[in-house]
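As a plain string of letters, each chain reads:
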Amino acid sequence: MEEFYFVVEGVGRMRINEQTITVQRHGGVLVGPKLLRQVFNDTESEVMWLIIGAPEAELEPGEEHDKKLFYPIDPKQSPKELNGIV
């Protein structure tokens, strides 16, 4: 699915495939279909995101997108910037 990420408050950090980016307040990022994506916060400040998604294609009733195509294998998997941080 295509998703748009917009930082409402704070400074956001996100991973898109193997690249990590910083998104300033009122900045946005459009992430295309089939790209791994993950927002995270490795700062002491809070961040508020607005995330809007649009399905890539119509799904049959009861069918779901394969989330492994878009998100880390484990939803609690941290990006490398947070490895070792509890």
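Residues numbered from 1 in each chain as written. Predicted model: local features only at pLDDT ≥ 70, side-chain atom pairs only at ≥ 80, totals over all residues. Heavy atoms only, no water.

(A) Just the nonpolar core, in detail. Judged by nonpolar contacts, Y5, V7, M14, I16, I21, V23, V29, V31 and W49 together constitute the single largest core of nine residues. For this core, the elements supplying multiple residues, two or more each, are β1 (2-9), β2 (12-16), β3 (19-23) and β4 (28-31). Apart from residues lying up to four places away in sequence, I21 is in contact with G12, R13, M14, I16 and V29. (Core = buried A, V, L, I, M, F, W, Y, C linked by side-chain atoms within 4.5 Å. Buried < 20%, exposed > 50% of the residue type's maximum accessible area, 1.4 Å probe, protein only. Helix = DSSP H or I, 4+ residues; strand = E, 2+ residues; numbered from the N terminus. Contact = heavy atoms within 4.5 Å.)

(B) Broad picture of a nonpolar patch on the surface. Residues F4, L30, L50 and I52 make up a contiguous nonpolar surface patch of roughly 360 Å² in combined accessible area. By the element assignment, F4 lies in strand β1. Given a relative accessible area of 32%, F4 falls into the partly exposed group. (Patch = residues over 30% accessible without salt bridge, like charges linked within 9 Å, V, L, I, M, F, W, Y side chains within 5 Å. Areas by Shrake-Rupley, 256 points an atom, 1.4 Å probe, with all protein chains shown as cover. Salt bridge = Lys/Arg side-chain N within 4 Å of Asp/Glu carboxyl O.)

(C) Local environment of the packing of aromatic side chains. On inspection of all chains with the given rule, the structure shows two aromatic pairs. Ring geometry for F4 and F6: centres 6.4 Å apart, planes at 25°, overall stacked. (Phe/Tyr/Trp six-rings, centres within 6.5 Å; stacked < 30°, edge-to-face > 60°.)

(D) Spotlight on the sheet that holds β1. Spatially, the three strands line up as an open sheet ordered β4-β1-β6, and their pairing is antiparallel. One side of each edge strand has no neighbouring strand; the edge strands of this open sheet are β4 and β6 (48-54). Between one strand axis and the next, the sheet turns by 15° as a mean value, whatever way the strands run. Bridging between β1 and β4 involves four bridges; their strand directions are antiparallel. Residue pairing in the sheet places E3 in a bridge with V31 of β4. (Pairing = 2+ DSSP bridges. Axes fitted to C-alpha atoms, helices over the stretch in contact; angles between N-to-C directions.)

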